[in-house]
Every structure is written in C-alpha cells, then in structure tokens.
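# Commentary on secondary and tertiary structure
Each chain is listed here by its residues.
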Number of protein chains: 2
Amino acid sequence: MPEYLPTAPYRGTRDFLPPEMSVRTQVFGHLYDVLERYGYQRYDGPVLESAEIYERKSGQEIADQQLYTLTDRGGRRLALRPEMTPSVARMIAGNAGSLQFPVRWYSHPNCHRYERPQRGRVREHWQINADIFGSDSANCEIEIFELVHDLMRGVGATDDMFVVRANDRNLLSSALTDLVGVTAEQLPQVFGLVDRWEKYDRETLATQAEEIGLPDKQFEKLGDVLGAGTALLDELPEQVKETSNLVKVLANEAAGLVRFDPMIVRGLAYYTSTVFEVFDTSPENNRALFGGGRYSDLAGMFTSQQIPGIGFGMGDVTLMDFLGTHGLTPQPRSEVDVVVIPVAEELAGAARQVATELRGAGMRTSTPLELRKLGKELGRADKAGAKVVVIVGQEDWAAGNVTVRSLATREQRVVALTEAAAAVAELLA
Amino acid sequence: MPEYLPTAPYRGTRDFLPPEMSVRTQVFGHLYDVLERYGYQRYDGPVLESAEIYERKSGQEIADQQLYTLTDRGGRRLALRPEMTPSVARMIAGNAGSLQFPVRWYSHPNCHRYERPQRGRVREHWQINADIFGSDSANCEIEIFELVHDLMRGVGATDDMFVVRANDRNLLSSALTDLVGVTAEQLPQVFGLVDRWEKYDRETLATQAEEIGLPDKQFEKLGDVLGAGTALLDELPEQVKETSNLVKVLANEAAGLVRFDPMIVRGLAYYTSTVFEVFDTSPENNRALFGGGRYSDLAGMFTSQQIPGIGFGMGDVTLMDFLGTHGLTPQPRSEVDVVVIPVAEELAGAARQVATELRGAGMRTSTPLELRKLGKELGRADKAGAKVVVIVGQEDWAAGNVTVRSLATREQRVVALTEAAAAVAELLA
C-alpha cells in the first residue's frame with residue numbers, strides 16, 4: 001500500500017481555492033484601482049534576492065531569526081524577500097538616471113518570514129506596497145494620508161471604522177530628550193519601549209524602563225508625554241516643529257486625516273521622521289492594520305545619491321480580518337454567467353458553437369464536459385452560480401433555434417441562434 | 001568610502017519596472033479575461049512546498065539539478081516550486097470531497113528553476129496554468145484546444161501565427177511497437193529520442209538510436225513514422241484509435257484546431273495520452289511557445305482517488321518573445337490621464353480638491369508634489385502621458401473656477417469647479 005503525502009500546505013503558508021481567491025481578487029482589484037487613480041504605477045521584482053541586502057538593512061530580528069536563506073549552486077547566498085523595501089530601493093537606485101522624480105510606485109509581492117504561526121502571522125504573506133520616491137515635501141505626507149483613506153473606502157470601509165495615528169520620530173526624540181531627560185545613548189532603547197507601550201501592562205513597562213536607566217519619575221513623565229496627544233506639540237521647541245512635515249500636515253486642511261499620537265514609532269529601523277499606523281476602531285479587532293513612514297535616504301546601500309521616500313505596506317492577513325470584522329468581505333463571484341447544455345452527446349459541438357457566441361458577447365459561459373440528464377445539469381448550473389442556461393435540443397437546433405431559460409424564474413423561450421446572446425443578456429441584466 | 005551593493009537583480013531573475021509591468025498587466029489581463037469567459041476560476045498556492053513532492057514526480061532532471069531547496073529552522077526540507085502541477089494536485093486531492101468535478105481552474109504563479117541563463121530561459125518565470133480536473137471526456141481536449149486558440153487571439157494573434165501540434169502518447173507507443181518494432185524496454189528511451197528529434201541532426205539521432213538498440217532499418221522506419229502526419233493514423237490498429245481522445249477530436253468539427261503530429265511527446269513524465277505544443281509559425285521564432293497534455297492520475301501521490309486532468313502551462317518569456325516577433329506587444333499605459341497644477345504652493349490644497357473630484361469620476365489624476373514653474377509642470381505632465389491638465393490659479397480659484405487645457409491642442413478654457421470633471425472627460429474622450 002502506497003504512503004500518501006500530506007495535502008496541507010507548508011505550515012504558515014496558504015492555499016487559495018477559487019472562492020477565497022475570488023474574494024481576494026475583488027478586494028485587491030479595488031485597491032489597484034484606487035492606486036492607479038492616484039497615478040501610482042505598478043512594478044514587480046524577484047522573490048529571490050541577495051541575502052546581504054536584508055542583513056544590512058532590515059534589522060537584526062529579521063536577518064537572524066526570520067529570514068529564509070539558501071545558497072545556490074554557484075555559491076551565492078540568497079534570501080526569499082521578507083519585505084519589498086530593499087528590493088525597490090535596489091531598483092530605484094539602479095534606474096535613478098532614467099526616472100523622472102518624484103515617482104509614485106506600487107507593488108503586490110508575496111513576502112516570506114519564518115514566524116511562529118499564530119493569528120495574523122503567516123510565513124508567506126501578500127503585501128500592497130505604495131511609495132513616493134524623490135521628494136521631501138509635506139505634500140507627500142498629505143497625499144499618502146489621502147491615499148490611505150481612499151484605499152480603505154475602496155474596500156468599503158467608512159471613516160469611523162479606522163483611524164490613522166501618526167507621529168514624527170524627530171518630534172518624539174525631542175520630547176524624550178527635552179521633556180523626559182532621556183540621554184542620546186538611551187534613545188534607541190526608549191524607542192523600543194515606546195513601541196511596546198500598548199502591548200504590555202504598566203508594571204512590566206516600568207521594570208523595562210528601570211533596566212534602561214529611567215527611574216520612576218522619568219517613567220511617569222514618559223507616560224504623560226506619550227498620552228499627551230496634540231497637546232504635546234505646544235511643549236516642543238519651534239525649531240523642531242518647523243522642519244516637521246507632520247506638523248505642516250496638522251496645520252493644513254488635511255489635518256482631519258490623521259491623529260497625532262506620540263506613541264507611534266514603528267519597529268523597522270529605516271524610518272527617519274514621519275511614521276504612521278492605521279488602526280481598526282472596532283473593539284473586537286483593536287489593532288494596527290498596517291503602517292508606514294518616511295525614510296530620508298532610501299537607497300544608501302546601493303548608491304551615493306540620497307533619495308528620500310515615504311510609503312507603506314498593507315498586508316493581506318490583517319486587511320482580510322478587518323473586512324471580516326466589519327462585514328465588508330465581498331461574496332465570491334459565481335463560476336459562470338451561463339451554461340449551454342446539449343441534450344445529447346452529438347449536440348456537444350452545437351453547444352460549443354452557442355458558447356462561442358455568448359463568450360464573444362462577453363458572457364462567462366461553460367458547456368458540460370460529460371453528458372448527464374438535463375435535470376442534473378440544471379442543478380449543477382445553479383450550483384455554479386449561473387443565472388441562465390441555454391438548452392440545445394435536437395429539433396430546436398435543426399430549426400436554427402435554442403431554448404433560453406432563467407434559473408431564477410424558470411421562465412424560458414425558444415429563440416433563433418442569432419438572437420441567443422441578446423436574449424441571455426436580457427435575463428442577466 | 002562605503003562599498004555599494006550591486007543594483008542588478010539576482011542572475012536569471014527580473015525586475016519589472018512600470019513600463020514593462022504595464023505591458024505585462026495588459027497581456028495577462030487579456031488572458032485572465034479569456035479564461036474567465038470559459039468559466040475557469042483562479043486559485044493560488046504557496047511558493048514554498050515540501051521538496052518531496054518534486055523529487056517523487058517532476059522527473060530527475062528537475063529534482064537533481066534545477067530545484068532550489070532549503071531546510072527551515074524546524075528541519076523541514078522545502079523547495080521553491082519549479083512548476084504548479086504538484087501544488088495543484090495537492091490542493092485538488094485535499095479538497096476532492098467538496099469539489100464538484102469536473103472543475104476548471106487557472107493560476108498565474110512564479111516558478112523557480114536553477115537554469116543556466118540563456119534566451120528564453122530564466123530562473124524565475126511566471127506561468128499561466130489552466131486545467132480541467134475530473135473528466136476523461138474528449139470534450140476536455142476540444143475545450144482546451146479552443147481555449148488555446150482564444151487565448152492566442154486574446155493577445156492579438158491571428159490563426160496563421162501559430163499552430164497547435166498534438167499527439168497521443170498511446171498512439172505513438174502503438175506506432176513504435178507495432179510499426180517500428182521497438183520493445184517495451186526500449187520505449188522510454190525512444191520517447192526521449194523522439195523528444196529530441198527536431199533539436200539534433202539526422203546523424204546524431206542515428207547514433208543515439210543505435211545506442212538504444214535500433215539499427216539503421218528501424219531508425220529509418222522511425223523517421224517515416226514521425227514524419228507521416230495524419231497518414232500514420234491509417235496504419236494504427238482500430239482498438240488503439242477507439243480509446244484515443246485525440247482521434248475523436250480529429251474526427252470532429254474541432255479537427256481544424258490542431259495538427260496531428262507523431263513527433264510531439266513532451267518531456268515531463270506525467271502525461272499519459274494527449275500531448276500538445278503550440279508553435280510559432282514565424283521563421284524568426286520557430287519554436288514551441290507552450291504546451292500541455294493529459295494525465296490519467298493527477299494526484300496519485302496524495303490520494304487513492306484517481307483524478308484525471310488535462311491542461312497546460314504558458315510561460316511569460318516565450319509569450320512575450322512571440323508578441324515581440326509579431327509586433328503585438330501593447331504600448332505601456334500612460335502614468336495618468338490628468339495632472340492638476342496649482343500655480344502657487346498655497347493652492348496645493350485646492351489642487352488636491354480638484355484631483356479628488358476627477359478621481360471620483362474615474363480619471364487617473366495626480367498633482368505635483370513639489371512646486372515648479374508652470375511651463376516645467378506642463379512638460380512633466382506631457383512626459384507622464386497626461387492628455388489634459390487642470391490649472392488652478394489664484395484669481396480663478398477665488399471665483400470658483402479652474403482652467404482646463406488639452407496638452408495635444410493647447411486649447412484651454414476656464415470652467416466652474418463643478419464643471420471641471422465633465423470638461424476634462426470631454427477632452428479625454
């Protein structure tokens with residue numbers, strides 16, 4: 001007796017069967033559509049990249065623990081991309097001479113990270129990346145925030161379902177230094193602490209603060225700063241605020257798009273000023289959906305040319321959870337619009353001829369591959385989501401006719417072959 | 001001085017910058033559209049699979065020399081999928097209980113093979129896979145051949161640009177055994193020889209035939225059989241032809257879709273009867289574009305349930321070469337339809353407001369992120385492929401107006417903001 005291999009996909013990866021794939025195609029289609037209406041152009045790159053670009057840039061956590069690496073037969077050390085930013089930085093640097101900056105680009109790659117599978121964490125995920133490269137202007141921030149709102153609306157969300165929480169790392173640095181008294185050496189660790197602020201209880205955070213060298217009083221002041229919201233801005237020095245794009249946004253008609261929140265820092269190392277996260281406001285799913293930020297020097301490991309950028313990556317898992325939580329998941333599309341059923345095997349060719357007509361008119365049309373009783377085929381057509389069937393009978397066909405039948409009303413009529421497409425279109429409308 | 005990393009992608013893989021990506025999106029979009037009009041439903045699966053499924057099934061060449069493998073931190077041996085069939089077999093086997101067979105599925109995965117880079121060979125390629133699972137009927141062959149023709153027409157090909165050469169491995173076996181006198185033991189090697197028939201000169205083939213144990217006379221007879229075309233059918237025993245789906249196709253109204261060709265065998269091991277290849281008829285590019293065939297037992301390594309299938313995989317490299325050869329490559333889409341240009345920084349918000357209106361009407365619209373002189377922005381808009389610009393000037397805006405200008409005719413007029421979308425749409429039409 002043969003031993004069968006397991007049919008489950010590799011742990012942390014997913015099969016997308018047609019119904020789920022249809023949902024995804026619709027959701028991503030809406031997102032592509034919004035991105036293109038903003039003038040973002042799609043690009044793509046390889047799954048395999050030199051391992052070195054992640055070891056240099058993505059931070060040690062990813063490189064040490066989460067990277068899928070391999071060595072090819074030529075001895076080259078490769079990695080499955082864990083994120084798109086180093087790839088796009090490479091592409092932008094390699095083509096900087098022929099690009100008209102600023103450019104707006106988007107992509108939809110699959111990325112691999114070796115994670116312990118749990119809710120919201122998979123080993124292969126799909127991520128929409130959207131970025132502006134080559135501009136420092138606060139207009140970029142405003143556009144990105146507008147885009148985020150329109151993307152969310154594009155998948156059916158209303159503005160009460162999510163909130164964009166934004167910060168500027170330079171503002172936070174100033175607050176930590178000037179108001180809390182954090183030293184330059186302590187800053188990176190305190191950023192890490194801020195990043196964990198909402199994930200741990202107060203006591204744990206206090207212990208961690210003490211380990212960094214922040215005694216009780218400083219820890220309390222830190223809590224005040226992080227909870228201050230917009231009021232914090234009044235306490236910060238003018239010269240820090242003057243150079244902050246986020247402060248410009250907040251002074252603008254676009255201020256309503258974001259909520260200033262000193263607690264947002266984002267884990268990844270390359271953000272240098274603006275950072276933001278989009279949060280689900282539902283109490284059931286109260287967490288970050290996705291986020292992004294600005295980097296002053298995107299492609300520094302590939303070129304001496306300093307290219308700033310701002311953008312975000314929107315993962316599929318949290319997005320689909322969000323849609324589910326809010327009842328926004330679209331229905332899978334039906335398999336077909338119409339099934340053309342021959343009543344006998346010798347009419348299979350006739351049925352194909354009718355199907356060709358209907359496809360020519362843009363209708364999704366199938367014909368049965370195996371001959372079954374008409375009643376059975378009607379049931380299968382219904383199950384496939386068809387709204388109309390066209391029945392090809394012996395005598396009808398000899399007279400140049402077919403029978404067009406609505407599966408919903410069971411209403412049917414005999415029409416000339418030349419009229420079939422119009423008759424079906426009428427029932428589908 | 002820092003050392004910069006190379007900006008070229010890993011050898012044999014490709015970056016797709018927006019212009020090329022736009023071409024690809026259009027071409028694949030036409031293919032998806034044709035597939036969906038036939039009722040094929042899209043699915044997807046992981047890049048990483050257990051290495052074992054390829055070692056068991058894809059043939060030794062792929063497993064030994066072409067597979068990218070790695071071991072994860074849990075000790076699991078994985079491979080980057082080199083093709084989609086084992087993945088889809090796994091998915092079909094795992095979900096056989098809930099599927100309504102026959103099913104029509106398609107996918108568009110990227111697949112990895114460690115190949116020596118050369119024309120038409122890359123290490124990461126994208127492949128459209130289309131299959132019918134769960135039917136033995138010759139109606140499947142007919143549908144697949146019709147689909148192939150419509151896919152080619154979908155990307156702009158006319159019927160004279162390509163030919164579908166089809167064979168049935170059982171007919172070939174019978175011809176080799178009954179007419180050439182090949183023994184059962186020699187058959188696999190002779191299949192290999194047939195597969196190489198068009199790649200080598202006669203002398204080399206004769207030497208290889210002799211090594212297999214076919215002396216001159218048999219080798220000559222082999223040449224006659226392979227060159228006989230449809231005439232070969234007359235020489236084959238009735239009981240072999242009776243069970244051949246391809247013979248049924250050739251006796252049918254669908255006969256014109258394919259040319260019977262005893263020389264087609266296809267390298268991959270799992271095809272069991274019908275095999276076919278689509279050839280470019282152009283003398284410049286005279287080679288197989290893609291191919292496929294039928295397997296009597298698709299998912300045998302995953303389940304005891306015997307599930308037949310027929311399908312094909314269409315790779316992106318040969319397809320794009322074909323389009324190039326025949327002048328069918330579409331133009332990249334423009335970046336945007338419209339650019340809304342504010343004449344001063346304080347009008348940037350006004351420009352965004354106009355852009356929002358235009359996007360709402362479905363137009364791809366951008367606004368400049370950095371302030372430049374109007375003339376410069378007009379040049380950039382033209383370069384981005386915009387046909388229309390909307391200029392937001394101080395006095396116009398104060399009066400609730402904007403200027404709509406055609407970049408082609410330079411014709412322009414002042415319209416009320418509420419009329420702007422209609423005025424732009426008119427110029428775009």
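Residues numbered from 1 in each chain as written. Chains lettered and ligands numbered in written order. Predicted model: local features only at pLDDT ≥ 70, side-chain atom pairs only at ≥ 80, totals over all residues. Heavy atoms only, no water.

Naming follows an unreviewed UniProt entry, where chain A appears as Histidine--tRNA ligase of Amycolatopsis sacchari. Turning to chain A, the UniProt annotation filed under Sequence similarities (unreviewed entry) states: "Belongs to the class-II aminoacyl-tRNA synthetase family." UniProt, in its Catalytic activity (unreviewed entry) section for chain A, records the words "tRNA(His) + L-histidine + ATP = L-histidyl-tRNA(His) + AMP + diphosphate + H(+)". (UniProt positions renumbered as here; feature names shortened; annotations may be inferred.)

All names here are of chain A. According to UniProt, the feature "binding site: L-histidine" (unreviewed entry) maps to Glu83, Met84, Thr85, Arg113, Gln127, Asp131, Arg266, Tyr270 and Tyr271 in the numbering used here. Its location among the elements puts Glu83 in the loop between strand 4 (77–80) and helix 4 (85–94). A distance of 2.4 Å separates the side chain of Glu83 from the side chain of Tyr270, its partner in a polar contact. You can see Gln127 is positioned in strand 7 (residues 124–133). (Helix = DSSP H or I, 4+ residues; strand = E, 2+ residues; numbered from the N terminus. Polar contact = N/O pair within 3.5 Å; in protein donor to acceptor, adjacent residues only side chain to side chain.)

Below, the discussion takes up the interface of chain B and chain A. Accessible area lost when the parts come together is the quantity often used to give the size of an interface. The partner chain A presents 96 residues to the 96 residues of chain B that form the contact. Between chain B and chain A, a total of about 8200 Å² is buried, with carbon and sulfur atoms accounting for 53% of that surface. When residues of chain B are sorted by the area they lose upon contact with chain A, Leu5, Arg73 and Leu369 of chain B head the list and together hold 10% of the total. In this structure, the connection of chain B to chain A is made through six salt bridges. The salt bridge involving Arg333 of chain A is made with Glu36 of chain B; its shortest N-O contact spans 2.8 Å. At the boundary of chain B with chain A, the tally comes to 38 residue pairs in polar contact (both at pLDDT 80 or more). No other element matches helix 5 (residues 138–154) of chain B, which puts five residues into the side of chain B that touches chain A. (Contact = heavy atoms within 4.5 Å. Buried area = accessible area lost by both parts, 1.4 Å probe. Salt bridge = Lys/Arg side-chain N within 4 Å of Asp/Glu carboxyl O.)

If you check the domain split of chain A, you get domain 1 (18–325) and domain 2 (338–428). Here domain 1 of chain A and domain 2 of chain A have C-alpha centroids that lie 52 Å from each other. (Domains from an automatic or database assignment.)

This next bit is on the packing of helix 1 (residues 18–37) of chain B against helix 5 of chain B. Residue and element names in this part refer to chain B. As a packed pair, helix 1 and helix 5 sit with axes 9 Å apart at the nearest point and diverge in direction by 145 degrees. Considering only the axes of helix 1 and helix 5, their crossing is right-handed. Contacts between helix 1 and helix 5 pair His30, Leu31, Val34 and Leu35 from the former with Leu147, Asp150, Leu151 and Gly154 from the latter. (Axes fitted to C-alpha atoms, helices over the stretch in contact; angles between N-to-C directions. Left-handed = near helix turned anticlockwise from the far one by under 90°.)

In this section: the relation of the copies chain B and chain A. Between chain B and chain A, the superposition needs a rotation of 180 degrees and an axial shift of 0.0 Å, giving an RMSD of 0.1 Å. Such a combination of turn and shift is consistent with a two-fold rotation axis. The C-alpha atom lying nearest the rotation axis in chain B is that of Leu70 of chain B; the distance is 2.8 Å. When the interface residues of chain B are mapped onto chain A, 100% of them again lie at the interface, so the same face is used by both copies. (Least-squares fit on C-alpha atoms with pLDDT ≥ 70 in both.)

Moving on, we get to the sheet that holds strand 3 (residues 69–71) of chain A. All names here are of chain A. On the basis of which strands lie adjacent, the open sheet formed by three strands has the order 2-4-3 and antiparallel pairing. The sheet is open, and its two edges are formed by strand 2 (48–50) and strand 3, each paired on a single side. Geometrically, the sheet is characterised by an average inter-axis angle of 40 degrees between neighbouring strands, direction not taken into account. Across three bridges, strand 2 lies against strand 4 in antiparallel orientation. Its bridge partner lying in strand 4, Ser50 is registered against Leu78. (Pairing = 2+ DSSP bridges.)

This part takes up the nonpolar core. Nonpolar side chains tend to gather and get buried jointly when the protein is soluble and globular. All names here are of chain B. Counting 73 residues, the largest nonpolar core has Tyr40, Phe145, Leu147, Leu176, Leu222, Phe276 and Phe312 as its most contacted members. Of the residues forming this core, the biggest block, eight residues, is contributed by helix 5. The residues touching Leu147, leaving out its near neighbours within four places in the chain, are Val34, Leu35, Tyr38, Tyr40, Ala130 and Phe312. (Core = buried A, V, L, I, M, F, W, Y, C linked by side-chain atoms within 4.5 Å. Buried < 20%, exposed > 50% of the residue type's maximum accessible area, 1.4 Å probe, protein only.)

Right, let's get into the pairing of strand 10 (residues 274–280) of chain B. Consecutive residues of a regular strand have side chains that alternate between opposite faces of the sheet. All names here are of chain B. By the criterion of burial, strand 10 is predominantly enclosed, with seven of the seven residues buried. Covered by surrounding structure in strand 10 are Thr274, Phe276, Val278 and Asp280 together with Val275, Glu277 and Phe279, the residues of both alternating faces. As judged from the seven bridges shared by strand 8 (residues 162–168) and strand 10, these two strands associate in the antiparallel manner. When the sheet's bridge partners are listed, Asp168 is paired in strand 10 with Thr274. Pairing geometry for strand 10 and strand 11 (residues 288–295), over five bridges, is antiparallel. Each residue of the ladder has a partner; that of Glu277, found in strand 11, is Gly291.

In this section: helix 7 (residues 187–196) of chain B. Residue and element names in this part refer to chain B. Listed as buried for helix 7 are Leu187, Val190, Phe191, Leu193 and Val194. The buried residues of helix 7 occupy one face: seen down the axis, they fall within an arc of 160 degrees. Residues of helix 7 that are buried sit in contact with helix 6 (169–180), helix 8 (202–212) and helix 9 (216–227). (Arc of directions from axis to C-beta.)

Residues and elements named next belong to chain B. What helix 6 keeps buried is the set Arg169, Leu171, Leu172, Ser173, Ser174, Ala175, Leu176 and Val180. Between the side-chain oxygen of the N-cap and the backbone nitrogen of Asn170 there are 2.7 Å, and the N-cap of helix 6 in question is Asp168. Just past helix 6, the residue Gly181 takes up positive phi, approximately 80 degrees.

A negative phi angle characterises most non-glycine residues, just as the trans form characterises most peptide bonds. Residues and elements named next belong to chain A. With an omega dihedral of -5 degrees, the bond running from Phe101 to Pro102 counts as a cis peptide bond. Position of Pro102 relative to the elements: it lies in the loop between helix 4 and strand 5 (103–107). Phi angles above zero are rare outside glycine, and Arg410 is one such case at about 65 degrees. Looking at the element boundaries, Arg410 is found in the loop between strand 16 (401–406) and strand 17 (412–416).

A few words now on the sheet that holds strand 16 (residues 401–406) of chain B. Residues and elements named next belong to chain B. Pairing is mixed in the open sheet, where five strands are placed in the order 14-13-15-16-17. The open sheet has two edge strands with one neighbour each: strand 14 (365–366) and strand 17 (412–416). Of the strand pairs in this sheet, strand 13 (residues 338–342) and strand 15 (residues 388–392) are connected by five bridges, and their pairing is parallel. Bridge pairing in strand 15 links Val338 to Val388. Strands in contact with helix 15 (residues 374–383) are strand 13, strand 15 and strand 16; relative to strand 13, the strand with the most contacts, it is inclined by about 170 degrees. In this fold helix 17 (residues 420–428) packs onto strand 13, strand 15, strand 16 and strand 17, with an angle of close to 5 degrees to the strand it touches most, strand 16.

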